[in-house]
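Remarks on the overall topology
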Amino acid sequence: MAEHRAGVVALLGRPNAGKSTLLNRLLGHKLAIVTAKPQTTRSRILGISTLPEAQVLWVDTPGLHGGAGKPLNRALNALAEAAAEDCDLALLLLDPERGTDAELAALEGRLVQRGAGVIRVASKADRRDEPGLRLVPAPELRVSGRTGEGIEALLAAVIARLPLGPRLYDDPEQLTDRSLRWLAAECVREAVFEELEQELPYSTAVEIDSYDESRPELVRIAARLLVERESQKRIVVGMGGEQVKRIGKRAREALEALLETHVFLELWVKVEPAWAKRPRRLAALGYR
């Protein structure tokens, strides 16, 4: 019988290094939300690739970043650090716009010290010829989650370094351990990031109040957009409710693509002061 390998692979790096785009490319499905704004990912996201010779558990993580004095930032950094502690192999994604730095080098050193494998990956390979981009020192691989360049070589390198073992998830069709309810909240949050400007998306969270799939031809979802101040609520709602309608339309279209059925989405905006400063509230919102 041919050898079978299985293990956990953490995608680590700075914000906007291309981790979520790479995860979606590796899975062949859109699981993680992707926007042009940095620090979009707020949760650990598990994606499962089940192949004849291996099962790879990809763990997308929030980008490691400064500002760790804030509870939300501390929680996001803790998620990335926890993934680094629990993985069999780490992909250290190095953005050609930023290169490497002392903090990433220290993370790599900790991974090596505890015996985890590390592959240094230069991301956004499709942009390598743009002026002003830095050369990432000694990457093992160059990939582009956007175009697929280097993906086959990356997958082969990952499988070769995984430990021998059976599947960790039995269902070969399973893509993630997250619920549809959680994925729905992420679709809405992606729409918030795309429709709102500047810093406001970072002060907004999404909470699903109800998720009714009793009728297969129409899934009904009700969600709240949480903001911290009344002034933010006025912006999110917009004149005559036009802004929240645009958010809802974009989110509904993404949800229908994900669920492959019609979706009725109801959104409303609630002021919840200091939601981002309360660790228990952050955990309840799924930032874990």
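Placed above this text is the structure.
No experiment lies behind these values; they were computed from the predicted model shown.

Turning our attention to the pairing of strand β2 (residues 45-50). Where burial is concerned, most of β2 is hidden: six out of the six residues are buried. The side-chain alternation of β2 yields two buried faces, one formed by I45, G47 and S49 and the other by L46, I48 and T50. With six bridges connecting them, β2 and strand β3 (residues 54-60) associate as antiparallel partners. Directly across from S49, in β3, lies its bridge partner V56. The antiparallel pairing of β2 with β3 creates a hairpin that spans three residues between the two strands.

Let us look at the sheet that holds strand β4 (residues 89-94). If you trace the six strands from one edge of the open sheet to the other, you get β2-β3-β1-β4-β5-β6, paired in mixed fashion. The outermost strands of the open sheet, each flanked by one partner alone, are β2 and β6 (141-142). Where strand β1 (residues 5-13) meets β4, five bridges bridge the pair, whose relative direction is parallel. Each bridged residue has a counterpart across the sheet, and for G13 the counterpart in β4 is L93.

So, about the packing of aromatic side chains. The final tally for this structure, using the stated rule, is zero aromatic pairs. One residue, R178, lies across the ring of W182, its end atom 4.2 Å from the ring centre. R220 extends its terminal NZ or CZ atom over the ring of F264, reaching a point 4.5 Å from the ring centre.

For the rest of this paragraph, the subject is the pattern of salt bridges. Under the definition given, this model contains 17 salt bridges. Where E217 meets R215, a salt bridge forms, and the shortest distance between an N and an O atom there is 2.9 Å. Residue classification places E217 among the partly exposed residues on the basis of a relative accessible area of 42%. Given the relative accessible area of 42%, R215 is considered partly exposed. Residue E242 pairs with K245 through a salt bridge whose shortest N-O separation is 3.6 Å. Remark: K245 and E242 occur in helix α7 (residues 242-259); sequence separation between them is three residues, near one turn of the helix.

To continue, consider the sheet that holds strand β8 (residues 218-227). Pairing is mixed in the open sheet, where three strands are placed in the order β7-β8-β9. Of all strands in the sheet, those bounded by a partner on one side alone are β7 (205-215) and β9 (262-271). The sheet shows a mean angle of 15 degrees between the axes of neighbouring strands, taken without regard to direction. Two strands pair when backbone bridges link them, and β7 and β8 are joined in this way by eight bridges, in the antiparallel orientation. Counterpart to I208 in the pairing with β8 is A223. Here helix α6 (residues 230-237) sits on the sheet and contacts β8 and β9; the angle it forms with β9, its principal contact strand, is near 155 degrees. Of the strands in this sheet, β7, β8 and β9 are in contact with α7, which crosses β9 at around 140 degrees.

With 27 residues, the main nonpolar core has V9, L22, L23, W58, L91, L154 and V158 as its most contacted residues. For this core, the secondary-structure elements that each account for two or more residues are β1, α1 (19-27), β3, β4, β5 (117-122), α4 (151-161) and α5 (180-195). Sequence-distant contacts of V158, that is, excluding residues within four places in its chain, are made with V9, V56, W58, L89, L91 and I119. Grouped together as the second largest cluster of nonpolar side chains are 26 residues, A191, V206, L259 and L267 included.

Moving on, we come to helix α3 (residues 102-113). Here α3 spans 16 Å end to end across 12 residues, near enough to the 16 Å set by a 1.5 Å rise per residue. Within the span of α3, buried status applies to L104, L107, E108 and L111. The buried residues of α3 occupy one face: seen down the axis, they fall within an arc of 100 degrees. Opposite the buried face of α3, by more than 90 degrees, sit the exposed residues A102 and Q113. Positive backbone phi, approximately 95 degrees, marks G115, located one or two places after α3.

Reading the values: the criteria
Residues numbered from 1 in each chain as written. Predicted model: local features only at pLDDT ≥ 70, side-chain atom pairs only at ≥ 80, totals over all residues. Heavy atoms only, no water. Buried < 20%, exposed > 50% of the residue type's maximum accessible area, 1.4 Å probe, protein only. Helix = DSSP H or I, 4+ residues; strand = E, 2+ residues; numbered from the N terminus. Pairing = 2+ DSSP bridges. Phe/Tyr/Trp six-rings, centres within 6.5 Å; stacked < 30°, edge-to-face > 60°. Lys NZ or Arg CZ within 6 Å of the ring centre and 35° of its normal. Salt bridge = Lys/Arg side-chain N within 4 Å of Asp/Glu carboxyl O. Axes fitted to C-alpha atoms, helices over the stretch in contact; angles between N-to-C directions. Contact = heavy atoms within 4.5 Å. Core = buried A, V, L, I, M, F, W, Y, C linked by side-chain atoms within 4.5 Å. Expected span 1.5 Å × (residues − 1). Arc of directions from axis to C-beta.

Bear in mind that shape data such as this cannot, by itself, settle questions of function.
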